[in-house]
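# Topology and contacts: notes
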Amino acid sequence: MPQHTLPRPICSHCDGFPTVAITTGQTTPDGHRHTITADCPACHGTGHTTPTRTDTRVGV
Ligand SMILES: [Zn+2]
């Protein structure tokens, strides 16, 4: 299966899901669950890692 090469490698820390919603356990006045979002600390919410010259991993 040919696959397009990604422009940048997916962040291995969050596996491409840089922003997650965390349920606080509380409900909003609307009755919805109150959630907060958190960005991946490794890629800062981009979902991609910045290739470094000193730490290059090939394969996996
Ligand atoms: Zn990440």
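Structure first, text after, so check above.
Presented here is a report on the structure given in the accompanying data block. A quick note: this is a predicted structure, and the numbers were derived from the prediction, not measured.

### Here's the deal with the overall build of the protein
Counting its secondary structure elements, the protein contains zero helices and two strands. In the protein, which comprises 60 residues, the proportion classed as buried is 7%. Residue pairs in contact within the protein that sit at least 24 positions apart in sequence constitute 54% of those at least 6 positions apart.

### Comments concerning the pairing of strand β2 (residues 33-39)
For a regular strand, side chains alternate in direction, first toward one face of the sheet and then toward the other. With six bridges connecting them, strand β1 (residues 19-27) and β2 associate as antiparallel partners. Residue pairing across strands places Val20 opposite Ala38, the latter belonging to β2. What sits between the antiparallel neighbours β1 and β2 is a turn of five residues, in which Gly31 has the positive phi angle 100°.

### What about the environment of Ala21?
In this fold, Ala21 is placed in strand β1. Note on Ala21: 10 C-beta atoms within 10 Å, which makes it exposed. Residues Ala21 and Asp39, spaced 18 residues apart in sequence, show a C-alpha to C-alpha distance of 9.1 Å. Residues within four places of Ala21 in sequence aside, it is in contact with Thr35 and Thr37.

### Here we look at unusual backbone geometry
Even without a glycine there, the phi angle at Asp15 is positive, about 60°. For Asp15, the position within the fold is in the segment before β1. In the Ramachandran plot, His44 falls in the positive-phi region, its phi being about 60° despite a non-glycine side chain. The topology assignment puts His44 in the segment after β2. Taking the number of C-beta atoms within 10 Å as the measure of exposure, His44 has 12 and is therefore exposed.

### Overview of the environment of Thr50
With respect to the element layout, Thr50 can be found in the segment after β2. On the basis of neighbour count, Thr50 is assigned to the exposed category, with 11 C-beta atoms found within 10 Å. For the pair formed by Thr50 and Arg8, sequence separation is 42 residues and the distance between their alpha carbons is 7.4 Å.

What counts and how
- Residues numbered from 1 in each chain as written.
- Predicted model: local features only at pLDDT ≥ 70, side-chain atom pairs only at ≥ 80, totals over all residues.
- Helix = DSSP H or I, 4+ residues; strand = E, 2+ residues; numbered from the N terminus.
- Buried ≥ 20, exposed ≤ 12 C-beta atoms within 10 Å, placed from the backbone.
- Contact = placed C-beta atoms within 7 Å.
- Pairing = 2+ DSSP bridges.

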